[in-house]
Structures are given as C-alpha cells and as structure tokens.
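Fold and geometry: a report
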Amino acid sequence: MEQYRFIQNELKCEGVNLRDIAASCGTPAYVYSKQSVIDHCRWIENVFEGIDHLSCYAVKANSNKDILRLLAHQGIGADVGSMGEMHRALEAGFSSEKITFSGVGKRDDEIEFALRNNIMSLNVESEEEITVIGEIARGLKTRARILLRVNFDIASETHPYITTGTRKNKFGVSQALAKDILLRAVRQPYIDILGIHSHIGSQITQPSTFVAAAQAIVQLVHELRSAAIPISQVNFGGGFGVQYRDYVRHSLLPVEPENSEANVTTVNLLSAVLPTLRQANCKLLIQPGRSIVAHAGILLTKVLYRKKGEGKTFIIVDAGMNDLIRPSLYQSYHQVVPLFLRNVPHEMVDVVGPLCETGDFFALDRSMPKVERGDYLAVMCAGAYGYVLSSNYNGRPRPAEVMVDGNQFQIITERESIQEL
Ligand code: LLP
C-alpha cells in the first residue's frame with residue numbers, strides 16, 4: 001500500500017495531515033514517509049527470495065542521513081558514486097563489504113579511500129582505470145575487487161539525459177572490447193575480477209528493455225567463462241521506473257490521461273528480468289535508487305500568487321527549480337495536488353516557481369482544481385533526485401526535510417538560513 005492518500009478531502013502521509021506539517025515546518029519542505037522507504041525496499045527483497053543476491057541502494061537518489069540509516073538497517077548494501085557518498089554510507093552504518101563504487105571518473109584519492117575501507121567492489125569503466133586501481137592497490141599492499149561495466153548499446157525509452165547504455169554514451173566499455181580488457185586484467189597482480197556490471201539508464205518502464213540487457217549480459221558471461229575469465233557476480237545496475245502520473249486519486253481531481261507508466265512496478269520489472277539473469281549462474285547485484293525512494297517523498301509548497309496570462313493562468317508557488325529541478329531538466333512529470341480538496345471547478349494552469357527563468361516550472365498546461373493564494377500544494381513522487389539536486393541558485397536557502405513515522409513527524413534537516421548562504 002502506498003503511504004500518501006486522500007482521507008476524505010485531506011492529503012495524508014501515513015497518519016499525518018500534510019497541512020499540519022506545512023503549517024508547523026513551513027514551505028518549501030520535502031516530506032518523506034518512513035514506512036514507504038521500508039516497504040519499497042522489502043518489495044524488492046521479496047522478489048529475490050531464495051536467490052543469491054545483494055541490492056545496493058544507489059545513494060545518489062537520496063542521501064539524507066536518516067534515510068541512509070533506515071536502509072542500512074534493512075540489511076541491504078549501498079552503491080556510491082563519490083567519496084562523499086561513500087563517507088555518508090559508512091557513517092550511516094552500511095557495512096563496507098556491502099558497498100560498491102560506480103562512476104566514470106573516480107579520482108585517485110577516491111579509489112584509495114575505497115581500498116582503505118575495503119569496500120566490496122569497484123565498478124570500473126575503462127582499461128586505464130583498471131591500471132590506476134592496480135597501482136593504487138599495490139601501493140597499499142592490498143588487492144582490488146572489480147567488476148567491468150559493459151555498454152551493451154541498448155537504447156531505452158527514457159529521457160536522453162538519463163540514458164546510459166548506448167554506444168554514444170560515456171559509460172562502460174563496448175562489448176567488443178570487454179573480453180580483451182578482462183584477459184589483460186586477469187594478469188594484473190593486484191586486481192581480482194568479480195564480474196560484469198551494467199546500468200542502461202534510469203526511469204525505464206519497459207520490461208523488454210531490461211530483458212534485452214539481461215540477455216546480452218548472460219551471453220557475455222558465457223563467453224568470458226569459456227575464455228577462463230572468472231565471473232562470480234553480475235551487477236545489473238538500477239533504472240527501474242516508477243509511476244509518476246495518477247499517483248494519488250480522488251473524485252475531485254482530474255483524471256490523468258492513460259500513459260505508459262500506468263501500473264509499472266519494480267516488482268513487475270524485476271520479475272520479468274530475473275529468469276534471464278539467473279542463467280548467468282552467479283551472485284546477482286542490483287543498484288536501485290528511484291524505485292526505493294521516489295514514492296516516499298513529496299515537495300510541499302505554498303501558492304503565493306495567481307496571475308492571468310494570455311489564455312492561461314499562472315499559479316506562482318514558493319518552491320522553485322532550485323528545490324526540485326527534474327521538471328526543468330528532464331521535462332519530468334510530477335503530479336501536483338492541493339493538500340485540501342474543495343469542490344471547485346478545474347482550470348488549466350502553469351504551476352511555476354519564483355526564479356528568473358522560464359524553465360522554472362513544476363507543471364505546464366495542467367488541469368487542476370482552482371487554488372488560491374495561501375493554499376498548500378504537494379508535488380508528488382519527489383523522494384528521488386529531489387533534495388540531492390537542490391541548489392542555492394537565486395540566493396535561495398535549501399528547503400527543510402521532514403520524516404513522517406506513523407502519527408508523528410519531525411524535521412530531519414533544518415531549512416537553510418539566509419546566514420548560511
Ligand atoms: N547505478 C548507477 C551506476 C547509476 O548511475 C544510477 C543512476 C543508479 C544505479 C540508480 O538508478 P535508478 O534506480 O535511480 O534509476 N537525476 C535523474 C536520474 C539520474 C540517474 C543517475 N544514475 C532523474 O532525476 O531522473
């Protein structure tokens with residue numbers, strides 16, 4: 001069960017009225033449901049029941065310390081993309097043998113930090129990187145465990161900026177080069193090869209895209225084994241899409257048009273791909289980010305002004321693209337709903353922020369119940385790539401973060417002050 005729903009006309013997170021949080025903590029503010037984070041994590045773990053696996057939460061999706069602690073407590077691992085994320089993950093209680101390190105441009109000091117902390121593996125992206133890791137490992141008198149990220153040239157239906165698995169993208173090495181690179185790496189004295197890594201993109205909603213990637217991986221694993229390259233792990237990455245449209249429903253809300261995300265769940269996507277991946281006959285790793293935290297979070301904002309434009313109405317709110325950049329950067333769709341629903345006519349609006357950019361919007365040409373100055377709105381499904389991508393652009397303090405647990409809520413990150421800017 002999802003944790004955000006209208007009870008009568010009031011939007012609730014778990015047992016708390018979101019209007020109470022807005023009134024007491026101010027806006028803009030991110031709100032997270034603790035139970036939602038736990039549930040999404042467990043749903044994924046249940047799909048793997050009986051399978052040798054490790055889910056490593058992609059810390060980049062939401063690196064709030066309380067959320068990291070919560071996930072570490074679930075016993076899963078973490079995938080980090082920088083020394084900063086590694087530090088945060090270790091501090092939150094993820095054990096080092098469950099941490100993987102991904103990224104196309106790891107710095108020497110980051111590699112050293114990873115090796116000194118004896119993390120489980122580094123997902124490497126080039127032959128030169130393997131050489132550098134080998135040298136740093138030799139200097140530390142240790143061995144580095146690596147997986148080679150392979151780019152299988154698989155197009156996905158997601159936004160071009162978050163497609164990573166085609167040959168035009170900077171990620172991984174081509175399938176044609178993988179075997180030779182690994183044959184040379186096998187001979188390196190300070191490198192242990194664990195297997196193959198792949199991550200084809202983010203917000204992928206078609207099971208067939210994942211299945212194509214899995215088939216390519218399994219075929220490569222068989223080829224590599226025949227060349228006596230040891231493969232004990234396949235890391236399938238993340239990218240499992242989530243439903244953004246029509247997330248909360250109520251008879252007073254407009255019905256959103258049919259779309260390809262309807263009924264997408266990580267459980268369905270994983271269930272479709274696991275039978276193929278299991279043919280690799282080794283430990284399976286995944287690195288889900290969005291699919292664990294997207295539905296857990298919302299961005300609360302307040303209507304500052306209504307303004308009549310040419311043929312449309314602008315709803316100007318107190319959150320902006322500096323708080324949540326996804327609509328501006330990827331034209332992402334987020335449902336925007338009033339926290340309290342009145343029986344009023346629907347109107348076509350642009351929901352826009354206060355910044356000096358035309359790209360500063362949350363929704364364009366959207367049908368919404370009529371709202372007034374002072375009303376609170378929720379930008380739904382903002383738990384992933386929300387606060388982590390926020391900035392101080394236009395001299396704006398970052399928003400507060402609030403955690404809901406049952407009937408309670410507490411501020412887990414204070415709103416930045418003007419003095420801190
Ligand atoms: N593993 C690797 C190596 C990654 O680069 C990523 C995300 C993930 C796992 C997690 O992917 P997820 O399960 O969250 O899709 N800012 C964009 C998304 C960027 C994704 C970057 N890499 C957005 O807001 O849509």
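Residues numbered from 1 in each chain as written. Predicted model: local features only at pLDDT ≥ 70, side-chain atom pairs only at ≥ 80, totals over all residues. Heavy atoms only, no water.

**Some thoughts on the overall build of the chain**
Per the secondary structure count, the chain includes eleven helices and 21 strands. Rg of the C-alpha trace for the chain: 22 Å, near the compact-globule value of 22 Å for 421 residues, within the 12% margin. Projected onto its principal axes, the C-alpha positions of the chain cover 70 × 45 × 40 Å. Within the chain, buried positions represent 57% of all 421 residues. (Helix = DSSP H or I, 4+ residues; strand = E, 2+ residues; numbered from the N terminus. Rg over C-alpha atoms; globule rule 2.2 N^0.38 Å. Buried < 20%, exposed > 50% of the residue type's maximum accessible area, 1.4 Å probe, protein only.)

**Describing the pattern of salt bridges**
Counted under the stated rule, the structure contains 16 salt bridges. Between Glu-127 and Arg-184 there is a salt bridge whose closest N-O contact spans 2.7 Å. Here Glu-127, found in helix H6 (residues 127–139), pairs with Arg-184, found in helix H7 (residues 175–186); they are 57 residues apart in sequence, far enough to count as distant. With relative accessibility at 29%, the residue Glu-127 sits in the partly exposed group. The exposure class of Arg-184 is partly exposed, given its relative accessible area of 39%. Between Asp-375 and Arg-342 there is a salt bridge, with its nearest N and O atoms 2.7 Å apart. Taken together, the residues Asp-375 in the loop between strand S18 (361–369) and strand S19 (376–379) and Arg-342 in the loop between strand S16 (336–338) and strand S17 (346–352) connect sequence positions 33 residues apart. For Asp-375, a relative accessible area of 16% puts it in the buried group. (Salt bridge = Lys/Arg side-chain N within 4 Å of Asp/Glu carboxyl O.)

**Some thoughts on the domain arrangement of the chain**
Here the domain parsing of the chain yields domain 1 (4–12 + 22–28 + 296–420) and domain 2 (48–290). Each of domain 1 and domain 2 has a C-alpha centre, and the two are 32 Å apart. The interface is formed by 33 residues belonging to domain 1 together with 25 residues belonging to domain 2. Both sides together, the interface formed by domain 1 and domain 2 hides about 2,500 Å², and carbon and sulfur atoms give 62% of it. If you sort the residues of domain 1 by the area they bury against domain 2, Tyr-333, Gln-335 and Tyr-385 come out on top, with a joint share of 26%. Run the count over domain 1 and domain 2 and you get zero salt bridges. On the surface where domain 1 and domain 2 come into contact, there are nine residue pairs in polar contact (both at pLDDT 80 or more). Those elements giving two or more residues to the side of domain 1 that touches domain 2 turn out to be strand S1 (4–7), helix H11 (326–330), S16, S18, strand S20 (400–405) and strand S21 (408–413). Looking at the side of domain 1 that touches domain 2 residue by residue, the classes come out as 18 nonpolar, eleven polar and four charged. (Domains from an automatic or database assignment. Contact = heavy atoms within 4.5 Å. Buried area = accessible area lost by both parts, 1.4 Å probe. Polar contact = N/O pair within 3.5 Å; in protein donor to acceptor, adjacent residues only side chain to side chain. Nonpolar A, V, L, I, M, F, W, Y, C, P; charged D, E, K, R; others polar.)

**Here's the deal with the site of the ligand**
For the ligand, the set of nearby residues contains 18 residues, the closest of which are Ser-202, Arg-290, Arg-326, Tyr-330 and Tyr-385. Take Ser-202: an N or O atom from its side chain is 2.4 Å from an oxygen atom of the ligand. At a separation of 2.6 Å, an oxygen atom of the ligand approaches a polar side-chain atom of Tyr-385. Within the complex, the protein chains bury 91% of what would otherwise be the 590 Å² of accessible surface of the ligand. Its residues assigned to classes, the shell around the ligand comprises six nonpolar, seven polar and five charged. Counting residues domain by domain, the shell around the ligand receives three or more from each of domain 1 (4–12 + 22–28 + 296–420) and domain 2 (48–290). (Near = heavy atom within 4 Å. Areas by Shrake-Rupley, 256 points an atom, 1.4 Å probe, with all protein chains shown as cover.)

**A look at the packing of helix H4 (residues 83–92) against helix H5 (residues 108–116)**
Two elements in contact, H4 and H5, have axes whose closest approach is 10 Å; the angle formed by their N-to-C orientations is 25 degrees. The angle between H4 and H5 places the two elements in the roughly parallel class. In this structure, H4 meets H5 at a crossing whose hand is left-handed. Contacts from Met-83, Met-86, His-87 and Leu-90 of H4 reach H5 at Asp-109, Glu-110, Phe-113 and Ala-114. In terms of residue class, the contact of H4 with H5 is built from five nonpolar, one polar and two charged. (Axes fitted to C-alpha atoms, helices over the stretch in contact; angles between N-to-C directions. Parallel < 35°, antiparallel > 145°, perpendicular 65-115°, else oblique. Left-handed = near helix turned anticlockwise from the far one by under 90°.)

**Structural notes on the packing of aromatic side chains**
Scanning the entire structure with this criterion turns up four aromatic pairs. With 6.0 Å between their ring centres and 80 degrees between their planes, Tyr-30 and Tyr-387 make a pair best called edge-to-face. Of the two residues, Tyr-30 sits in strand S4 (residues 29–33) while Tyr-387 sits in the loop between S19 and S20, which places them 357 residues apart along the sequence. Of the two residues, Tyr-30 and Tyr-387, neither departs from the other in class, the shared state being buried. Following the ring pairs from residue to residue traces out a cluster consisting of Tyr-30, Tyr-32 and Tyr-387. For the cation-ring pair, Arg-366 lies above Tyr-333, with the distance from its terminal atom to the ring centre recorded as 3.8 Å. (Phe/Tyr/Trp six-rings, centres within 6.5 Å; stacked < 30°, edge-to-face > 60°. Lys NZ or Arg CZ within 6 Å of the ring centre and 35° of its normal.)

**What about the nonpolar core?**
Of all hydrophobic cores here, the largest spans 126 residues; its most connected members are Leu-18, Val-31, Phe-94, Phe-236, Val-351 and Met-380. Ranked by residue count, the leading element in this core is helix H8 (residues 207–226), at nine residues. The residues that make up this core include at least three from each of domain 1 (4–12 + 22–28 + 296–420) and domain 2 (48–290). The residues contacting Phe-236, other than those within four sequence positions of it, are Ser-198, His-199, Phe-210, Ala-213, Ala-214, Ile-217, Val-273, Leu-277, Leu-285 and Ile-286. (Core = buried A, V, L, I, M, F, W, Y, C linked by side-chain atoms within 4.5 Å.)

**Examining unusual backbone geometry**
Note on backbone geometry: most residues besides glycine have negative phi, and most peptide bonds are trans. The step from Thr-27 to Pro-28 runs through a cis peptide bond, and the omega angle for that step is -5 degrees. Note that Pro-28 resides in the loop between helix H1 (18–25) and S4. Positioned with a positive phi, Lys-141 is a non-glycine residue whose angle comes to about 55 degrees. Relative to the helices and strands, Lys-141 resides in the loop between H6 and strand S9 (144–151). Located in the positive-phi region is Ala-228, a residue other than glycine, with phi close to 65 degrees. For Ala-228, the location among the structural elements is in the loop between H8 and strand S12 (233–235). The class of Ala-228 is exposed, set by a relative accessible area of 62%.

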